[in-house]
Amino acid sequence: MSARKPPMLAGLLCLLLMLTSLSAAAQAPIIEGERFHPEPGQRAMVVTSHTLASRVGRDILREGGNAVDAAVAIGFALAVVQPRSGNIGGGGFMVISDEKSGDVTSIDYRETAPAGAFETMFQDDEGNVIEKASRFSANASGVPGTVAGMAMALERYGSMPLEQVMAPAIRLAHDGFAIPQRFADGLNDSREQLEKNDGTRRLFYKADGSDWRAGEVFKQPELAATLTRIAQNGPREFYEGETADHLIDTIRAFDGIMTREDLKNYRAVERAPVHGTYRGYDVYAMAPPSSGGVHIVQILNMLENDDLTRMGFGSAATMHLMSEAMRRAYADRSKYLGDPDFLDVPVEALTSKAYARELRAQISAGRATPSEAIGPGNITPYESNETTHYSVADDSGLAVSNTYTLNFSYGSGIAVDKAGFLLNNEMDDFSAKPGVPNAFGLIGGQANAVGPGKRMLSSMTPTIVKRDGKNLLVTGSPGGSRIITTTLGVISNVIDHGMNIQSAVSAPRFHDQWLPDELRIEDGFSPDTLRLLEGMGHHVVQQSAMGASQSILINEDGFQGGADPRRETSSAMGL
Ligand code: GLY
């Protein structure tokens, strides 16, 4: 017979149990019941914004390739199946973590300004910015970096030959594929801009002028031929061979300044990523010329000493604190960030815990700081999501986080005649004039002025988070200026709010970029919360979906993929 507990002690125990379960419920309201389920994988995971690209990555892994082989194959496949952002005419960044060696590195294949570029090239004689010149002209394009970057990643960290990893993309371009609704809508809705250019119209629209419909087959023979030349002759084909000839012929036809010499001189660069710590986790993200890594770490540093777990996901207190931290980081972005090959970017100072403490001390608990009190500026509401991010991880301990882009949807809208691909409009990421916002509403200063051979400042933030030396989270997003805060949100959702990766990716997002002075939110936050935020002085503005974070979480249960539901074609595939 067991001894009976005295009634008072039993009551106390009961109360303790109740309090414990109440506090657990308060700490993790989202995990309970798991509304969203990640895609499981035992030995590898691929998450991209397009089912066909995910399939390409998964098949390369099945054939014995590693995560880098798969990432390069996906990069070329997305250039075929998702031409609005997948590309060989643009550029981007790839962060690679090798658990075995402990090394985390990155490939910077950002575009560069042509040698003939100059600071005032997008201004008129009176010094006013010429609207859209940095977006819809041959001079909107930086020298593309994707082919050099993919080839560098493969050569240094892959295990398969270029021909093998490019074969699926060539097949998709040559044989065609059934287009999804999003593909059809994208081209049908962009007719006005894209059909201005004969080459683009011929490549991307039907001869009879009718709209695209989902399920129709889209073939790209010119692109297939270009990819075949690159696969057979190597990446220099793009920069010095027949493809370079076609590219420069197109640029000349549109009176652009890029030359064959610019293409020949292009080089991808391997750089150390920015490293920070957050609550015992190691965060590695892209270094300048992206602003992403610096500001992710800077914001996390500002948040680290507050108990976000207790404050709760989506509470006014959490959103207030995070948005105040965000706007301070974006204010710094406008002043300090640019191409590290041309100026000293104070990465260490910006990412130091001491500086973050100083900034955190400026944030008051119940009151928003007006952005004018942090720095001056103007507003531009227009934004686009058109960049694309994907993540790959394998059981050899390799993880790849890649974000690349043409900048806005379909880039400059100018396709390279006879070579079948669109050119970027990345020159808009420079500040056309210090203090005047670019198309993302981002203000830049002298640090990001246009200059020959310079890389334009980016927000792309491919990120890998490690714990105790092991790859834990592979993440990133498209979304222009909102890339940094989208990626931040996923990291915080996992670390602070204990969400599984699908919940972390699906949860509603919010964003504050200092200027314009507004707290942008997605659908999904409660009206009570929004009223509280407005009461604190935040200018809350509801926006359409932000970002598309294709992410992976790796833990004792294996690989878990979180494909972003904001893209109907997002797809996680495990092995
Ligand atoms: N083109 C967007 C970015 O690089 O931030």
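Residues numbered from 1 in each chain as written. Predicted model: local features only at pLDDT ≥ 70, side-chain atom pairs only at ≥ 80, totals over all residues. Heavy atoms only, no water.

Per an unreviewed UniProt entry, the protein carries the name Glutathione hydrolase proenzyme and comes from Kushneria pakistanensis. For the record of the protein, the UniProt heading Subunit (unreviewed entry) holds the text "This enzyme consists of two polypeptide chains, which are synthesized in precursor form from a single polypeptide." (UniProt positions renumbered as here; feature names shortened; annotations may be inferred.)

Draft legend 1. Quick peek at the packing of aromatic side chains. This model, assessed by the stated rule, comprises 11 aromatic pairs. Centre to centre, the rings of phenylalanine 177 and phenylalanine 218 are 6.2 Å apart; their planes meet at 85 degrees, and the pair counts as edge-to-face. Separated by 41 residues along the polypeptide, phenylalanine 177 in strand E5 (residues 177-178) and phenylalanine 218 in strand E6 (residues 217-218) bring together distant segments of the chain. Of the two residues examined, phenylalanine 177 and phenylalanine 218, each falls in the buried class. Taking the centre distance of 6.0 Å and the plane angle of 75 degrees together, the rings of phenylalanine 510 and phenylalanine 525 count as edge-to-face. (Phe/Tyr/Trp six-rings, centres within 6.5 Å; stacked < 30°, edge-to-face > 60°. Helix = DSSP H or I, 4+ residues; strand = E, 2+ residues; numbered from the N terminus. Buried < 20%, exposed > 50% of the residue type's maximum accessible area, 1.4 Å probe, protein only.)

Draft legend 2. Region of the structure containing the pattern of salt bridges. In the structure shown here, the tally under the stated rule is 31 salt bridges. Across the pair aspartate 245 and arginine 260 runs a salt bridge, and its minimum N-O distance is 2.7 Å. Of the two residues, aspartate 245 sits in helix H11 (residues 242-253) while arginine 260 sits in helix H12 (residues 260-265), which places them 15 residues apart along the sequence. Overall, arginine 260 belongs to the partly exposed group, its relative accessible area being 32%. (Salt bridge = Lys/Arg side-chain N within 4 Å of Asp/Glu carboxyl O.)

Draft legend 3. The arrangement of the sheet that holds strand E18 (residues 540-542) in detail. The mixed open sheet is built from 3 strands, whose spatial order is E16-E17-E18. The open sheet is flanked by strand E16 (510-511) and E18, the only strands paired with a single partner. One ladder, built from 2 bridges, connects E16 with strand E17 (residues 519-521); its direction is antiparallel. Residue pairing across strands places phenylalanine 510 opposite isoleucine 521, the latter belonging to E17. (Pairing = 2+ DSSP bridges.)

Draft legend 4. Quick look at the packing of helix H5 (residues 162-175) against helix H9 (residues 221-233). Axis separation between H5 and H9 bottoms out at 8 Å; the angle between their running directions is 170 degrees. One finds that H5 runs roughly antiparallel with respect to H9. Of H9, the residues touching H5 (which contributes Leu162, Glu163, Met166, Ala169, Ile170, Ala173 and His174) are Pro221, Leu223, Ala224, Leu227, Thr228, Ile230, Ala231 and Gln232. Residue composition of the contact of H5 with H9, grouped by class: 11 nonpolar, 3 polar and 1 charged. (Axes fitted to C-alpha atoms, helices over the stretch in contact; angles between N-to-C directions. Parallel < 35°, antiparallel > 145°, perpendicular 65-115°, else oblique. Contact = heavy atoms within 4.5 Å. Nonpolar A, V, L, I, M, F, W, Y, C, P; charged D, E, K, R; others polar.)

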